[in-house]
Amino acid sequence: LGILVDITERKRAEEDLKKSRERFQLVTRATNDALWEWDAVTGEGWWSEGVQTLFGYSAEEVRTDSEWWRERVHPEDVERIESGILAVIKGNGHHWSDEYRFRRADGSYAHVLDRAHVARDAAGKAIRVMGAIIDITGRKRSDTALRASERRYRTLVEEMNEGLIVTDLREVIEFVNDRICALLGYPREEMVGRTTFEFMARAEDREIVVSKAQLREQGISDRYELAFRRRSGETVWTLVSGTPLVDAGGAVAGTIGIVTDITERKRTEDALRQSEERYALAAAGANDGLWDWDLTKNEVYYSSRWKAMLGYDDAAIGNSPEEWFGRVHHDDLEWLKVTLDGHLAGATAHFEAAHRIRHRDGTLRWMLTRGLAVRDATGRAYRVAGSQTDITERKVTEQQLMHDAFHDALTGLPNRALFMDELVHSVHRAKRRKDYAFAVLYLDVDRFKLVNDSLGHGAGDQMLVALARRLQEAVRPGDRVARLGGDEFAVLLDDVTDGSDATRVAGRIQEALEAPLDLAGREVFSTASIGIALSLTGYDRAEDALRDADLASYRAKAQGRDRCEVFDLGMHARAVARLELETDLRRALERREFGLDYQPIVALESGDIVGFEALLRWRHPHRGLLGPGEFVPVAEDTGLIVPIGRWVLREACRQLCEWRRAFPDRSTLGISVNVSFKQLLRVDLPQHVEQVLAEAELQARRLHLEVTENVIMEHAEAVASVLARLKDLNVRLHMDDFGTGYSSLSNLRRFPVDALKIDRLFVSRMEEAENLEIVRTIIALAHHLGLRVIAEGVETGTQAAQLRALECEYGQGFLYSRPVSAEAAAALLANRSALAP
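Keep in mind that what you see is a predicted model, and the values were worked out from it rather than measured.

### Focus: the side chain of serine 303
With respect to the helices, strands and loops of the structure, serine 303 is situated in the loop between strand E12 (299-302) and helix H10 (304-309). A residue is classified by how much of its surface remains accessible, and serine 303, at 4% relative accessible area, is buried.

Right under this line is the structure:
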């Protein structure tokens, strides 16, 4: 017997299931995504073939356990992703998605978006999680590039020198940059949303803008001039370059306008137009010669008067620029062209130059040429016109007056005024250049009064003229002979090596004066007492050099006349004082006469002490307390600065460690020590620093070595290796007196400097705009290079406030504390309150 059972529905279900599975397999193969499934009960997983396609894995490399997936998630993303999906599974959520990095088979990482759905049973327990991974690496790159592009665009817009204004089709302002705001004096919020018509100074400009807008609706760019009204009421002329603004659909949505301020150019053009109205009458009636140069054609119109001033008729001179420049004296030609080119380039408002030009008769005439350029809408000069005035008589008169003002009327020699002027230059040159020296000879003619009294003033004048001629013949080329008055002469010997050069010239002068003079038929012999002052003495004022030479001539005259003496009293006194100081310096270390004062360095924002600068003091047994300026230069010259500097370094580090033990909470305190050029030349300086740090058990970064800017810049090659070795120790290097030298950005990058110390000269004068700008620039430069900034010489609260506003980190000066003893410095550390908040 058989039992018939109706299984039609079951077969239909099986068929539907088969079709469903086939559709699922087709979907998983067709999609570009990696599909996955995880059984929350058994822990078993499944990956679609998409994981192989997307990430380059073979079927054998793909495992179904969750650890295979975990191994391929970027280590920095694993914890975040796991915690996120587990939070959804353990909670009541059904959906989860996040972005992370997934490792490809070749080892590179792809940016992926993972979305998952959590299936739950009737009790709400998670039983299965299904998801899809999408590769979004390309989108991430595009997003990054887009953000970078937007940043560059915003920077370009805000930093461009021209104004930028964006309007819609109704001329409503949608955007303006800072340049437009500065040009018109309105803040951005008062301009955006209003029409450009509201800011126009002329009613007729509205019609111009409307007509140009119609062109831009057709996609046409154009340029036009508009007059805007500043907030102050002034009118500013601008050149606007309008470009259609196209939306994503390709339709014109508005205008992008580039705005250039042409106010000055318009004023110049107005002035020129007014001038041209009078040109015809001026050309006919003027006594000056007129010229008009068409720069486009390179042709020059010369008026009849211009030609006549040089002795030519109209037909004799053409229209070439060479008719003018070819006649200019060769010594004046280059300056004339440079001046004219500067005006054409816009460097000057007017062209004016005095020069010599050759007349038809061969003589030279002085001409004053003036001119003014005419410019197009872009500011380019296309024409320049002007006049030519004969100033020959005035020049001759000026030259004669100048000569008379600075020369002796009798002998023709330079007088005292000219001599002193040149001596001033020599003093300044000697102060600037260590390899330069000069000497002053002061001559007093012996028994000149006897000649005047016996033979008369006429004979005396003849004698002075003859002596002047002999003096000029006796000196070297380039030396300056002057008559100071009466029978007194002076000679400025330029570029001498030592005193022997001066005495040799003095000897030649005495030999030249030995020959007899014929005065009114009488034979007269003359001698001179000569005093010599050498610049090696070290003069700050020209008057002092002449005074010392005069004193030496008096001594020569007192010792028998007809001789020369070198001024040596000052040199002797200084030499003795220097020798005594050097001797005392050598004994000062042995006698423990040196000491250190400490000036706090504070954080400007909080007023907290961050360190101290150690300042050397000498308690001289006879002269009392001496500052470094009184003995350090001698110590530098003699080399004593090296042992003194070593003592300073050891004592400063020792004191810092003592403070750190007394105040454990001050563990970040630093100590600054000045290092001289002579110390930096010692190759064993880094070794000595390392030894001192070890003895003091001090961290290297707490020691700040200060080197002046000039030492680093002037001796860059000599100190570079030592500075590098010090930096390797982790010692901090500070550039002291910054701003007084000539550092450049490239030079600063060469040296391992950690901080710049702004020289007190600039800090003390920050009320002056120029010095404030220098301080601002130094701070900005330091921050650009990643350096800290310490301002020296802070004496007022105003200065501190200005420095804080400029984001200067640290300050040092009398506002906070004068240099104090170690005990007083400890008291400052014990007082927890800020020195000057």
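### Quick look at helix H28 (residues 769-784)
Its 16 residues place the ends of H28 22 Å apart at the C-alpha level, agreeing with the 22 Å of an ideal helix rising 1.5 Å per residue. All of the buried residues in H28 are Asn771, Val775, Ile778, Ile779 and Ala782. The buried residues of H28 occupy one face: seen down the axis, they fall within an arc of 95 degrees. Pointing more than 90 degrees away from the buried face of H28 are the exposed residues Ala769, Glu770 and His784. Buried positions along H28 lie against strand E28 (732-738), strand E29 (755-758), helix H27 (760-764), strand E30 (788-792) and helix H29 (797-805). Trailing H28 by a residue or two, glycine 786 shows a phi angle of about 75 degrees, which is positive.

### Concerning the pattern of salt bridges
Evaluated as defined, the whole model comprises 56 salt bridges. One salt bridge connects aspartate 501 with arginine 504, and the closest N-O pair in it is separated by 2.3 Å. Residue aspartate 501 and its partner arginine 504 are both found in helix H17 (residues 499-514); the two are separated by three residues, about one turn of the helix. Here lysine 757 ties to glutamate 792 by a salt bridge, and the two come within 3.4 Å at their closest N and O atoms. Remark: glutamate 792 occurs in strand E30 and lysine 757 occurs in strand E29; sequence separation between them is 35 residues. A network of salt bridges, in which partner residues are shared, links Glu76, Asp77, Arg80, Asp98 and Arg101.

### Notes on unusual backbone geometry
Of note, the phi angle at asparagine 298 is positive, near 60 degrees, even though the residue is not glycine. Residue placement: asparagine 298 occurs in the loop between strand E11 (289-294) and E12. For asparagine 298, a relative accessible area of 44% translates into the label partly exposed. We note that glutamate 807 has phi near 65 degrees; this positive angle belongs to a residue other than glycine. With respect to the helices and strands, glutamate 807 occurs in the loop between H29 and strand E31 (810-812). Looking at glutamate 807, the relative accessible area reads 57%, which means it is exposed.

### Let's talk about the pairing of strand E18 (residues 488-493)
Of all six residues in E18, six are buried, a share of seventy percent or more. Burial along E18 is two-sided: the residues Glu488, Ala490 and Leu492 and Phe489, Val491 and Leu493 are all buried. Bridge count for strand E16 (residues 439-445) against E18 is six bridges, and the pairing is antiparallel. Across the sheet, valine 440 pairs through a bridge with leucine 492, a residue of E18. Note: strand E17 (residues 480-485) against E18, five bridges, orientation antiparallel. Bridge pairing links valine 481 to valine 491 in E18. Between E17 and the antiparallel strand that follows it, E18, lie two residues; glycine 486 among them carries a positive phi value of about 55 degrees.

### Side note on the environment of glutamate 690
Along the polypeptide, glutamate 690 turns up in helix H23 (residues 685-696). Distance from glutamate 690 to leucine 729, taken between C-alpha atoms, is 7.3 Å for residues 39 residues apart in sequence.

### Digging into the sheet that holds E17
A sheet is described by the order of its strands in space; here five strands give the open sequence E17-E18-E16-E21-E22, paired in mixed fashion. Taken across any chain shown, the strands that pair with only one partner, and hence form the sheet edges, are E17 and strand E22 (564-566). Averaged over all neighbouring strand pairs, the angle between strand axes comes to 20 degrees, with direction disregarded. Across three bridges, strand E21 (residues 528-534) lies against E22 in parallel orientation.

### Remarks on the sheet that holds E12
Ordered by their spatial adjacency, five strands build an open sheet running E12-E11-E15-E14-E13, and the pairing between neighbours is antiparallel. Whereas interior strands pair on both sides, the edge strands pair on one side only; in this sheet they are E12 and strand E13 (351-358). Across the sheet, the mean angle separating the axes of adjacent strands is 25 degrees when strand polarity is ignored. Bridging between E11 and E12 involves four bridges; their strand directions are antiparallel. Following the sheet pairing, aspartate 292 is matched in E12 by tyrosine 301. Across the sheet, helix H12 (residues 330-344) is in contact with E11, E13, strand E14 (364-375) and strand E15 (381-390); its angle to E13 comes to roughly 155 degrees.

Analysis parameters
Residues numbered from 1 in each chain as written. Predicted model: local features only at pLDDT ≥ 70, side-chain atom pairs only at ≥ 80, totals over all residues. Heavy atoms only, no water. Helix = DSSP H or I, 4+ residues; strand = E, 2+ residues; numbered from the N terminus. Buried < 20%, exposed > 50% of the residue type's maximum accessible area, 1.4 Å probe, protein only. Expected span 1.5 Å × (residues − 1). Arc of directions from axis to C-beta. Contact = heavy atoms within 4.5 Å. Salt bridge = Lys/Arg side-chain N within 4 Å of Asp/Glu carboxyl O. Pairing = 2+ DSSP bridges. Axes fitted to C-alpha atoms, helices over the stretch in contact; angles between N-to-C directions.

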